[in-house]
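So you can see what is in the structure, the chains are spelled out below.
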Amino acid sequence: MQRAPSLADYEKLGAFYLGRDVARGTPFLYDATHLTTHAVVIGMTGSGKTGLSVALLEEAAIDGIPAIVVDPKGDLGNLLLTFPGLAPADFAPWAPHGANAEDEATKWREGLAAWGEDGARIARLRAAADLALYTPGSRAGQPLSILGSLAAPADRSDDEVVAERVTQTATSLLGLVGIAAEPGKSREHVLVATILQKAWAAGESLDLAGLVMRVQDPPFDRVGVLDLESFFPKKDRFELAVAYNALLAAPGFDAWTAGPPLDVASLLWTKEGKPRISVLSIAHLDDAQRMFFVSLLLGQLVAWMRAQPGTPSLRALFFMDEVVGYFPPVAMPPSKRPLLLLLKQARAFGLGVVLATQNPVDLDYKGLSNAGTWLIGRLQTERDKARVLDGLEGVGGGGAFDRDTMDRTLAGLAKRHFYVHDVHADAPVVIESRWTMSYLRGPLTRDEIKRLSRVEATPAAAPAAPAETAPMPAAKAPPGGERPVVPPDVPQVFFPTTIPSPLYAPMLVGAAHVHFEDAKTGLDFTREVMFVTAAAEGPVPVRWEDSKWAGGIDVRALATGPAPGARFLPVPSSLLAPKSYDKWTKELAAWLARTQGVARLKSPTAKTYSQPGEDERSFRARLALSSREERDVKAAAVREKYAAKVAALEERIRRAQQAVAREQAEADQQKMQATFDIGGGMLGAFLGGGARRAVSAGASAARSANRAAKQAKDVAREKENLATLLSKHLELQREANEAIAKAASASDPATMPLESVVTKPKKTGIRVDLVALAWIPRAQ
């Protein structure tokens with residue numbers, strides 16, 4: 001019986017314990033950095049594909065790698081079924097109908113033990129990462145709100161990135177109402193994309209209701225060189241609006257707007273910065289809804305990816321099961337374009353993509369040639385096998401491609417056996433996948449998902465600055481009148497509005513650039529601020545201490561004239577004195593110097609500061625990546641240092657093994673010769689040959705026996721030499737592993753203590769751009 005591996009055999013830094021090498025009988029450890037070149041998992045029903053996928057995700061969690069997991073079948077929620085105690089009571093609520101909980105607990109304990117695992121490793125898995133189950137479009141689990149996907153991107157500096165997100169979002173939205181629109185060619189796509197583009201360019205976020213209104217009455221009258229009515233008549237636009245309105249009115253659609261927002265960072269890390277494995281179960285959705293959600297998610301993932309700095313280390317994983325239909329060879333569904341983009345570009349950002357399927361025929365293998373690792377289990381048909389071989393032939397790496405040999409290997413795979421083709425490895429191997437720590441009980445029912453899901457509070461958006469949104473006057477305003485006469489030396493600005501015929505209320509606005517600098521910590525940051533305050537009559541008409549933050553409004557968006565049909569409230573006399581504005585400008589600068597500050601987080605352990613506006617989640621994620629990058633570099637250096645020593649020792653072991661085999665063969669020959677000589681002497685004496693002949697035969701037998709004895713000593717000596725070399729080899733491996741462990745950071749970025757540091761601006765860092773009479777719009 002094969003010995004179960006010990007913790008020391010497989011628990012290595014940056015190595016995923018996926019099973020055992022069938023040929024060698026040793027643990028198969030997959031280098032996590034290889035996943036930056038992506039992976040494909042293929043296998044028919046019953047091949048063990050789900051088990052191998054779950055094992056990979058478990059290893060990622062233990063290594064602190066967050067993951068977004070798209071689950072079209074509903075069985076990857078099993079990742080949340082982890083029981084460190086392995087007690088029957090743990091299994092009882094989840095055991096399939098007819099299964100005995102005690103038998104299931106025993107099966108899992110024994111299965112784990114056979115692979116050197118136990119409840120302690122399960123506890124380590126649960127401590128290493130947060131596990132969450134989401135059900136978009138349903139309240140069975142934790143729903144996800146899609147409204148954030150229609151929000152204007154926070155960073156709109158890269159026109160290409162924004163344009164790509166506009167295209168992807170428009171494609172997804174049209175797919176939701178059954179329109180397979182071709183980007184840039186379909187008039188529906190051009191219309192929706194233009195609506196999104198213009199809204200986002202103005203920093204305005206939309207929801208589906210707002211989209212319906214703008215489809216009917218777009219805020220533009222031309223599309224390209226054509227007038228809107230010629231390009232897309234109002235009657236036809238009304239039909240599109242009706243389709244979306246029917247969707248909004250459908251029972252249960254409100255679940256799409258419930259729960260935390262569809263935000264990639266929140267799916268990958270908790271607000272405290274702990275890595276998260278987010279399972280997005282979409283088994284309950286119909287085909288159109290699945291495509292809508294997946295393509296929307298992929299668009300968000302691409303936008304998030306491009307906002308990250310490059311890294312050679314593995315930052316996060318995107319895993320999708322049953323990818324057939326989302327990545328076909330010829331058609332171009334909304335999901336395919338972003339998947340292709342991720343496969344081609346995500347490596348540079350440390351995002352690993354893992355795609356799995358049990359139906360390999362309908363896949364774009366040209367696109368999958370970007371995947372560096374293929375894990376292939378039992379296949380159902382010869383056609384499946386032929387398509388997989390075609391795909392492998394285009395991948396390259398991992399040794400010379402021998403189609404006939406691979407064909408025979410794939411044909412002979414047993415259950416839970418996988419052919420692993422890794423472009424980073426010298427040659428492919430066949431592995432047997434390990435026992436999973438998660439309880440694989442099959443797809444979860446709606447009631448089971450309810451029990452598993454943890455309802456978390458919707459994370460609040462971080463405020464842009466330490467103040468509130470500009471208020472309207474609390475008291476009921478008197479009826480407005482005509483625009484009052486204001487002295488020409490009094491600066492005036494009008495806040496932007498979409499309110500028809502607004503009523504303007506007079507207030508004072510101040511806008512400035514506040515520069516923060518700290519050479520010791522590398523801080524060099526400028527914040528644009530805008531505050532509004534009411535003015536009163538009396539000796540102190542304006543107090544900036546009473547002002548409110550004009551959140552979300554850019555000073556460049558302020559207008560110089562009112563909206564059509566506007567009415568105005570009376571202006572306090574204090575705001576009509578031009579000389580007061582110079583005084584208020586100085587007071588604003590002094591107030592900003594006293595009250596403004598940049599709060600940052602500091603890690604005393606890593607001696608690193610967060611960036612201005614960077615929340616704890618993002619800062620800890622950055623610390624974790626930095627730690628992993630440092631670990632990978634040091635580990636590579638250690639491996640390189642020991643590689644020559646290990647290679648030389650393995651060559652000595654090879655020669656010693658040959659010597660043992662050679663000496664053993666000679667010893668066996670001498671032993672046989674001695675037996676023949678002794679036998680021959682005895683036979684001669686028996687048949688009669690004279691005393692002289694008997695003595696000669698006896699002497700020959702004695703010499704043969706001596707030679708055999710000497711040869712046996714040679715064998716023993718060579719075996720002892722081999723044992724010594726093997727012991728040195730184990731010691732060298734242990735020494736290398738200890739050196740790698742020592743090189744890695746001992747601190748867990750998810751739990752290391754953080755301090756809050758506030759940097760104040762210097763007076764010279766305040767530049768007031770505007771102090772003016774501000775007209776604030778409101779509905780009449």
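Residues numbered from 1 in each chain as written. Predicted model: local features only at pLDDT ≥ 70, side-chain atom pairs only at ≥ 80, totals over all residues. Heavy atoms only, no water.

So, the sheet that holds strand E21 (residues 755–759)
The condition is simple: Only when DSSP finds a minimum of two bridges between them are two strands counted as paired. Helix and strand definitions here come from DSSP, where helices need a minimum of 4 consecutive H or I residues and strands a minimum of 2 consecutive E residues; each element is numbered from the N-terminal end.
If you trace the three strands from one edge of the open sheet to the other, you get E20-E19-E21, paired in antiparallel fashion. The open sheet has two edge strands with one neighbour each: strand E20 (608–609) and E21. Of the pairings in the sheet, the one linking strand E19 (residues 598–603) to E20 comprises two bridges and is antiparallel in character. Looking at the pairing, Lys602 lines up with Tyr609 of E20.

Side note on the confidence of the model for the protein
The test is simple: pLDDT measures how confident the predictor is about each residue, on a scale from 0 to 100. In this description, contact between two residues means that some pair of their heavy atoms is separated by no more than 4.5 Å.
Mean pLDDT over the protein stands at 85; residues scoring 70 or higher make up 89%. Throughout residues 455–478 the model reports pLDDT below 50, and contacts reaching past four residues in sequence, or to other chains, amount to 39 contacts.

Some words on helix H2 (residues 49–62)
We count it as follows: A helix is expected to reach a length of 1.5 Å times the quantity of its residues less one. Think of it in three bands: residues with accessible area under 20% of the maximum for their type are buried, residues over 50% are exposed, and the middle band is partly exposed, with areas taken using a 1.4 Å probe on protein chains only.
The terminal C-alpha atoms of H2, which comprises 14 residues, lie 20 Å apart, in line with the 20 Å expected from a rise of 1.5 Å per residue. For H2, the tally of buried residues reaches 14 of 14 residues, placing the bulk of the element in the interior. Phi for Gly64, located one or two positions after H2, is positive at around 80°.

Quick notes on the packing of aromatic side chains
Where we set the bar: Whether two aromatic rings pair depends on their centres lying within 6.5 Å, for rings of Phe, Tyr and Trp, where Trp uses its six-membered ring; planes under 30 degrees apart make the pair stacked, over 60 edge-to-face, and the rest tilted.
Throughout the structure, instances matching the rule amount to 19 aromatic pairs. Relative to Trp775, the ring of Phe494 has its centre 6.4 Å away and its plane inclined at 20°; by these criteria the two rings are stacked. Taken as a pair, Phe494 in strand E14 (residues 492–494) and Trp775 in strand E22 (residues 766–778) lie far apart in primary sequence, 281 residues in all. For the pair Phe494 and Trp775, a shared accessibility class is recorded, and that class is buried.

Focus: the pattern of salt bridges
Any two side chains of opposite charge can pair, on the condition that their charged atoms come close. Condition: Salt bridges are defined as contacts in which a side-chain nitrogen from Lys or Arg sits within 4 Å of a carboxyl oxygen from Asp or Glu.
According to the stated counting rule, one finds 38 salt bridges in the structure shown. Arg441 is paired through a salt bridge with Glu448; the nearest N and O atoms lie 2.8 Å apart. The residues Arg441 and Glu448 share a single accessibility class, namely buried. Residue Asp554 is joined to Arg556 by a salt bridge in which the shortest nitrogen-to-oxygen separation is 2.9 Å. Each of the salt bridges in this network shares a partner with another, and the network as a whole consists of Glu11, Glu58, Glu59, Glu117, Arg121, Arg124 and Arg434.

Quick notes on the packing of helix H7 (residues 187–201) against helix H8 (residues 208–216)
Heads up, the rule is: Under this scheme, a helix contributes an axis fitted over its contacting stretch, all axes are lines through C-alpha atoms, and angles between N-to-C directions fall in the 0 to 180 degree range. In these notes the angle categories are as follows: under 35 degrees is roughly parallel, over 145 is roughly antiparallel, 65 to 115 is roughly perpendicular, and the rest is oblique. Crossings are assigned a handedness: left-handed for a near helix turned anticlockwise from the far helix by less than a right angle, right-handed for a clockwise turn. Side-chain classes follow a simple rule in which Ala, Val, Leu, Ile, Met, Phe, Trp, Tyr, Cys and Pro form the nonpolar group, Asp, Glu, Lys and Arg form the charged group, and the remainder, Gly included, forms the polar group.
Direction vectors running N to C along H7 and H8 enclose 115°, while the axes themselves pass 10 Å from each other. In terms of orientation, H7 lies roughly perpendicular with respect to H8. Here H7 runs over H8; the crossing is right-handed. Contacts between H7 and H8 involve Leu191, Val192, Ile195 and Ala199 from the former and Leu211, Arg214 and Val215 from the latter. Tallied by class, the residues present in the contact of H7 with H8 amount to six nonpolar, no polar and one charged.

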